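Reading the structure
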Amino acid sequence: MKQPTIHDFRGAVIRIQTLYSTPPVLSRALRLIRDPGTSVLEITELVRRDAALSADFLHLANSAMFRRGTFCTHLSEAIQRLGMNELLRLIGLSLSKNVFGKDLSNYGITASQYWTESVWAAVAMETLAERHGVDADEAYIAGLLHQLGRVLINEALLEVGWSLFWNGREPVETWELDHVGFTHADAGALLLREWEFPESFIEAIAQQAGAPEPGGQPSLSGLLRFTRQCLVTADPAHLWRRSFPPIPAEERAWAGLEAPDALADFLEATTLSLQTIRRMLNGR
Amino acid sequence: MIVSPCSETRRVLSALLTAGGHGVQEADGGQDLLKRLDGQIIDVFLVEAEMTGISGIELTRRLRTMPQFSSTPILLLTPEGQAEGKLAGREAGATGWMSRPVRVGQVEAVMRRLAG
């Protein structure tokens with residue numbers, strides 16, 4: 001029997017594009033924020049076009065984490081007060097509620113675990129990017145969306161009509177290739193291309209599997225690989241117990257975290273940030 | 001072993017499996033299956049997820065407590081296109097799922113994968 005390819009699942013791609021309205025907004029926001037000529041009015045219009053995003057935006061802008069001074073009731077005021085960088089994080093968090101709201105049953109991942117892993121990766125990526133001089137905004141969004149392809153695979157399996165659940169022991173890519181003929185990295189890259197994300201960003205998502213290249217320059221792709229190593233080797237539940245398996249010495253060195261305390265501090269700080277975000281989003 | 005209260009589902013699955021060279025047994029529900037398990041050697045369970053009485057998920061849970069079936073593949077039969085309920089099935093110990101109505105290629109693919 002012919003092995004399927006990602007192009008055999010066009011229906012699943014279209015269903016996801018219909019279901020999720022926020023990723024294209026995030027893609028446009030990334031482009032606007034990189035353009036020094038962008039005005040607050042343009043950004044406000046972009047956010048206003050999505051009713052759910054606008055509501056989330058005002059709610060989050062007035063939360064303890066983002067609130068600056070008095071309560072904001074207007075989008076433009078909130079955007080001006082927060083600044084462009086915080087804006088991306090807010091859109092990202094709103095997106096995380098939209099996209100990570102469903103269980104990934106074939107992976108054995110609940111919506112809550114999926115959200116936890118994705119936001120943890122976003123925070124870790126942002127911290128690493130700031131240390132290594134990589135674009136922190138792109139890094140945050142790359143961490144947040146790096147597993148987006150799993151949503152597509154979960155949908156595609158409904159079209160296949162059967163699946164053995166991923167047992168968590170074999171590499172997830174092996175299981176994905178056996179079942180649908182492509183990996184979540186391929187699927188994520190395809191979705192992000194449909195949503196017109198920058199090519200450098202798509203490339204990092206597509207190449208997320210494996211370890212960072214030893215001696216390679218810090219890059220979005222390398223940072224994502226390192227972050228993913230942290231997640232792949234850790235049970236999601238470990239994120240809450242703050243107990244992490246060892247990460248190979250050469251990878252720690254690559255990330256500038258060779259000292260045991262440096263790695264522990266980084267992981268601890270990431271988990272604490274995640275807990276703050278969770279509290280802010282009302283006890284997710 | 002096919003476990004389904006729907007005689008049509010049992011008939012179709014049985015025909016497909018028999019054509020593929022597999023021996024088939026049938027039960028019309030969880031109670032019926034549990035009564036007939038003594039001393040049986042079963043290679044694969046195909047269990048309707050939604051059944052009155054003992055549900056497919058509860059049946060899976062019970063089968064997993066029996067040492068002789070602790071690692072026997074259990075596939076839940078679910079309505080086509082339905083994403084809900086599968087996670088609960090996985091947590092109960094199911095190996096996977098197959099959607100109804102069952103197609104020829106699906107059964108072949110599942111049995112091949114389980115054999116591999």
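Given the structure is predicted, the values throughout are model-derived calculations rather than measurements.

**So, helix 2 (residues 22-34) of chain A**
All names here are of chain A.
- An ideal rise of 1.5 Å per residue puts 18 Å on 13 residues; helix 2 measures up with 19 Å between its terminal C-alpha atoms.
- Buried residues dominate helix 2, accounting for 10 of its 13 residues.
- Within helix 2 the residues assigned to the buried category are Thr22, Pro23, Pro24, Val25, Leu26, Ser27, Ala29, Leu30, Leu32 and Ile33.
- Elements in contact with the buried residues of helix 2: helix 3 (40-48), helix 4 (51-61), helix 6 (84-99) and helix 8 (136-145).

**Re the side chain of Arg225(A)**
- Among the structural elements, Arg225(A) can be located in helix 13 (residues 220-232).
- The contacts of Arg225(A), once residues within four sequence positions are left out, are Gln207(A), Gln208(A), Ala209(A), Gly210(A), Ala211(A) and Pro212(A).

**Concerning unusual backbone geometry**
- The step from Arg100(B) to Pro101(B) runs through a cis peptide bond, and the omega angle for that step is -5°.
- Within the secondary structure, Pro101(B) sits in the loop between strand 5 (96-100) and helix 5 (104-115).
- Although it is not a glycine, Glu196(A) adopts a positive phi angle of roughly 60°.
- In this fold, Glu196(A) is placed in the loop between helix 11 (184-194) and helix 12 (199-206).

**Quick word on the side chain of Gln229(A)**
- Structurally, Gln229(A) can be placed in helix 13.
- Looking at Gln229(A), the relative accessible area reads 18%, which means it is buried.

**Some thoughts on the interface of chain A and chain B**
- Across the contact, 22 residues belong to chain A and 23 residues belong to chain B.
- Between chain A and chain B lies a buried interface of about 1700 Å² when both sides are counted; carbon and sulfur atoms form 64% of it.
- It is Leu158(A), Trp162(A) and Phe165(A) in chain A that bury the most area against chain B; as a group they hold 40% of the surface buried on that side.
- Taken together, chain A and chain B are joined by zero salt bridges.
- Inspection of the region where chain A meets chain B yields nine residue pairs in polar contact (both at pLDDT 80 or more).
- Ranked by residue count, the leading element in the side of chain A that touches chain B is helix 9 (residues 149-160) of chain A, at four residues.
- Two strands pair when backbone bridges link them, and strand 1 (residues 162-164) of chain A and strand 5 of chain B are joined in this way by three bridges, in the antiparallel orientation. When the sheet's bridge partners are listed, Leu164(A) is paired in strand 5 of chain B with Gly96(B).

**Let's talk about the packing of helix 11 of chain A against helix 12 of chain A**
Residues and elements named next belong to chain A.
- With their axes 8 Å apart at the nearest point, helix 11 and helix 12 run at an angle of 165° to one another. Between helix 11 and helix 12, the interaxial angle falls into the category roughly antiparallel. Viewed along their axes, helix 11 and helix 12 form a crossing whose handedness is right-handed. Side by side, helix 11 and helix 12 meet where Ala185, Gly188, Ala189, Leu192 and Arg193 of the first sit next to Glu199, Phe201, Ile202, Ile205 and Ala206 of the second.
- Across the contact of helix 11 with helix 12, the residue classes tally to seven nonpolar, one polar and two charged.

**Here we look at the sheet that holds strand 1 of chain A**
- Spatial ordering of the open sheet is given by 1(A)-5(B)-4(B)-3(B)-1(B)-2(B), a layout of six strands whose pairing is mixed. Looking at strand neighbours, the two that pair on one side only are strand 1 of chain A together with strand 2 (26-27) of chain B, the edges of this open sheet.
- Pairing geometry for strand 1 (residues 2-3) of chain B and strand 2 of chain B, over two bridges, is parallel. For Val3(B), the partnering residue across the bridge sits in strand 2 of chain B and is Ala27(B).
- Running at roughly 175° to strand 4 (residues 74-79) of chain B, helix 3 (residues 56-64) of chain B makes contact with strand 1, strand 3 (45-48) and strand 4 of chain B of the sheet.

**A few points about the pattern of salt bridges**
Residue and element names in this part refer to chain A.
- The full count for this structure, using the stated rule, is 16 salt bridges over all chains.
- For the salt bridge of Glu126 with Arg89, the shortest nitrogen-to-oxygen distance reads 2.4 Å. You can see Glu126 sitting in helix 7 (residues 111-132) and its partner Arg89 sitting in helix 6, a full 37 residues away along the chain. Taken individually, Glu126 and Arg89 each receive the classification buried, so the pair is uniform in this respect.
- Taking the relative accessible area as the measure of exposure, Arg89 reaches 10% and is therefore buried.
- A cluster of three or more residues bridged by salt bridges with shared partners is formed by Arg15, Glu155 and Glu159.

**Notes on the confidence of the model for chain B**
- Looking at chain B, pLDDT values average 93 and 100% of them are 70 or higher.
- Both scores are available for the predicted complex, with the pTM at 0.85 and the ipTM at 0.91.

**Some points on the pairing of strand 3 of chain B**
Residues and elements named next belong to chain B.
- Neither face of strand 3 is open: one carries Phe45 and Val47, the other Leu46 and Glu48, and all of them are buried.
- Judged from the two bridges that link them, strand 1 and strand 3 form a sheet pairing that is parallel. In the sheet register, Ile2 faces strand 3, and the bridge partner there is Leu46.
- Both strand 3 and strand 4 contribute to a ladder of four bridges, which runs parallel.

**A look at the packing of aromatic side chains**
- All chains considered together, the criterion is met by six aromatic pairs over all chains.
- Between the aromatic rings of Tyr107(A) and Trp166(A), the centroid separation amounts to 6.4 Å while the plane-to-plane angle is 75°, which identifies the pairing as edge-to-face. Of this pair, Tyr107(A) sits in the loop between helix 6 and helix 7 while Trp166(A) is found in the loop between strand 1 and helix 10 (172-180), placing the two residues 59 residues apart along the sequence.
- Classification of Trp166(A) by relative accessible area gives buried; the value is 15%.
- Aromatic side chains Phe45(B) and Phe69(B) sit 5.1 Å apart centroid to centroid with 85° between the ring planes, which places their arrangement in the edge-to-face category.

About the criteria used
Residues numbered from 1 in each chain as written. Chains lettered and ligands numbered in written order. Predicted model: local features only at pLDDT ≥ 70, side-chain atom pairs only at ≥ 80, totals over all residues. Heavy atoms only, no water. Helix = DSSP H or I, 4+ residues; strand = E, 2+ residues; numbered from the N terminus. Expected span 1.5 Å × (residues − 1). Buried < 20%, exposed > 50% of the residue type's maximum accessible area, 1.4 Å probe, protein only. Contact = heavy atoms within 4.5 Å. Buried area = accessible area lost by both parts, 1.4 Å probe. Salt bridge = Lys/Arg side-chain N within 4 Å of Asp/Glu carboxyl O. Polar contact = N/O pair within 3.5 Å; in protein donor to acceptor, adjacent residues only side chain to side chain. Pairing = 2+ DSSP bridges. Axes fitted to C-alpha atoms, helices over the stretch in contact; angles between N-to-C directions. Parallel < 35°, antiparallel > 145°, perpendicular 65-115°, else oblique. Left-handed = near helix turned anticlockwise from the far one by under 90°. Nonpolar A, V, L, I, M, F, W, Y, C, P; charged D, E, K, R; others polar. pLDDT = per-residue confidence, 0-100. Phe/Tyr/Trp six-rings, centres within 6.5 Å; stacked < 30°, edge-to-face > 60°.

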